[in-house]
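Reading the structure
Here's the letter readout for the chains.
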Amino acid sequence: MMLHIPEVLTRDEIAYIRGKLETARWQDGRSSAGPQAAGVKSNAQLPHDAPEAAELSGMVEAALRRHPLFLSAAIPHIILTPRFNAYETGAQFGNHIDGALQTDVGRGIVARTDISTTLFLVEPEDYDGGDLVVEDTYGAHEVKLPAGDAILYPSTSLHRVEPVTRGVRLASFLWTQSRVRDEAHRRMLFELDMTVLKLRSEQGDTPEVVSLTGLYHNLLRQWAS
């Protein structure tokens with residue numbers, strides 16, 4: 001399931017993060033890539049131990065944890081520390097699939113990557129190219145969202161970032177280990193949750209809405225780990 005999550009960050013948060021990143025020292029993005037990904041990756045990445053990293057990562061994680069759509073779709077167990085990358089003119093990231101396990105150096109943990117998230121920090125009109133392209137059984141989906149918006153998609157997806165031809169593409173990216181490992185189960189739970197919320201807003205807590213709410217929690221109880 002791919003999901004557009006709007007307005008994760010406020011305008012003030014975006015401006016603050018971008019201001020910090022403008023003076024940051026970046027490193028070659030290939031330093032954190034596996035053997036296959038390193039061969040197709042050409043971008044810059046904020047080092048995990050950069051002076052700005054902890055504060056900015058904390059802001060992104062806090063914003064996601066307060067967003068109801070992210071919580072409903074991801075059902076997060078572990079949110080790995082958000083990272084930041086920059087694509088200048090000519091930079092790109094070819095087709096790859098994210099590693100199944102990622103090490104969070106700062107926290108000293110390893111987590112399974114169920115869900116990948118990209119949070120855009122630059123307006124689409126400020127750069128050309130740089131589209132995130134995610135492929136699934138329905139074809140290739142091009143994503144280029146407003147600053148502050150995020151896209152959530154399964155980490156099992158083949159994806160790439162097209163070459164930037166003008167400007168700079170700034171983004172935060174992260175992985176989540178969900179409490180519900182199966183992607184199909186997460187999708188069904190999300191659709192059921194959205195249906196319950198809509199019915200509750202229209203009808204209140206009718207017996208039918210209460211019954212559907214119970215069904216949601218019983219399925220979550222069965223599928224969660």
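What you see is a predicted model, and the numbers here were worked out from it, not measured in a lab. (Residues numbered from 1 in each chain as written. Predicted model: local features only at pLDDT ≥ 70, side-chain atom pairs only at ≥ 80, totals over all residues. Heavy atoms only, no water.)

Our next topic: the environment of Pro51. Considering the arrangement of structural elements, one finds Pro51 in the loop between β4 (44-45) and α3 (53-65). For the pair Pro51 and Lys20, spaced 31 residues apart in the sequence, the C-alpha separation amounts to 9.8 Å. (Helix = DSSP H or I, 4+ residues; strand = E, 2+ residues; numbered from the N terminus.)

Turning our attention to the domain arrangement of the protein chain. Considered domain by domain, the protein chain is made up of domain 1 (3-178) and domain 2 (183-223). Using C-alpha coordinates to define each centre, domain 1 is positioned 30 Å away from domain 2. Every contact between the two is made by 10 residues of domain 1 and, on the other side, eight residues of domain 2. Taken together, both faces of the contact between domain 1 and domain 2 bury some 640 Å²; the carbon and sulfur share is 68%. At the junction of domain 1 and domain 2, the tally comes to zero salt bridges. It is helix α4 (residues 68-74) that provides the largest number of residues to the side of domain 1 that touches domain 2, a total of four residues. (Domains from an automatic or database assignment. Contact = heavy atoms within 4.5 Å. Buried area = accessible area lost by both parts, 1.4 Å probe. Salt bridge = Lys/Arg side-chain N within 4 Å of Asp/Glu carboxyl O.)

Next up on the list: the sheet that holds strand β3 (residues 41-42). The five strands are arranged β3-β7-β15-β12-β13 in an open sheet whose pairing can be described as antiparallel. In this open sheet, the two strands that pair with only one neighbour each are β3 and β13 (139-143). The sheet contact formed by strand β7 (residues 92-96) and strand β15 (residues 158-161) spans two bridges and is antiparallel. Considered in β15, the bridge of His96 is made with His159. (Pairing = 2+ DSSP bridges.)

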